[in-house]
Amino acid sequence: MLDATLDVGHFWAVAITLIAVVACVLLHYEVSLRLWQGLERSHSTLRRRFLKLSFGLFAAHIAEIWLFAVAMALLGEHPLAGGLSGIGAVNFLDYVYFSAVSFTTVGYGDLFPTGPIRFMAGTEALLGFMLITWSASLTFLEMQRHWSRRER
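Residues numbered from 1 in each chain as written. Predicted model: local features only at pLDDT ≥ 70, side-chain atom pairs only at ≥ 80, totals over all residues. Heavy atoms only, no water.

Observations concerning the overall build of the protein chain
- Secondary structure assignment for the protein chain yields four helices and two strands.
- Of the regular secondary structure in the protein chain, the N- to C-terminal order runs α-α-β-α-β-α.
- Taking 15 Å as the expected radius of gyration for a compact globule of 152 residues, we find that the protein chain reaches 19 Å, considerably beyond that expectation.
- Taken along its principal axes, the extent of the C-alpha atoms in the protein chain is 65 × 30 × 20 Å.
- For the protein chain, with 152 residues in total, the buried portion stands at 36%.
- For the protein chain, the proportion of contacts with a sequence separation of at least 24, taken over those separated by at least 6, is 76%. (Helix = DSSP H or I, 4+ residues; strand = E, 2+ residues; numbered from the N terminus. Rg over C-alpha atoms; globule rule 2.2 N^0.38 Å. Buried < 20%, exposed > 50% of the residue type's maximum accessible area, 1.4 Å probe, protein only. Contact = heavy atoms within 4.5 Å.)

Quick notes on the UniProt feature "transmembrane region" (unreviewed entry) in the protein chain
- According to UniProt, the positions carrying the feature "transmembrane region" (unreviewed entry) are residues 12-29, 50-75 and 119-141.
- Taken end to end, residues 50-75 comprises 100% helix and 0% strand; its first and last C-alpha atoms sit 37 Å apart.
- This span, residues 119-141, is 100% helix and 0% strand, and a straight line between its end C-alpha atoms measures 33 Å. (UniProt positions renumbered as here; feature names shortened; annotations may be inferred.)

Concerning unusual backbone geometry
- Although it is not a glycine, Thr105 sits at a positive phi angle of roughly 60°.
- Relative to the elements of secondary structure, Thr105 occurs in the loop between α3 (92-103) and β2 (112-114).

Printed below as a string of structure tokens:
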């Protein structure tokens, strides 16, 4: 049987992770939708269109990484939720770094989560992979649209 104190840490890890996931998916949807609509109306050169798309999606990914970093730092303040190990004192930028490494599924291993916070780290890796793939799909669709115009 699980210790009741561990259940509290797990509850907070799952709850805050779900909030971060919903916020990131909604953010990515809104940014993607607005970028796509802007590109459809745009009469800019191909270069400008791709720069707008690339920097817009990059900014969305940075915001999502920071959103998870904030969520993880908040969770790290809970005594039963675990934290990051691998260095002495962990500061907020360590959470940002760990979030970026998790989101991009690089996983260097110099910092690692302990305790219930591991759930958030694993979920962030899966979501990051999905959102990066979503961005790659949008970029491909824009390129395909450009190629079909050139064939006409």
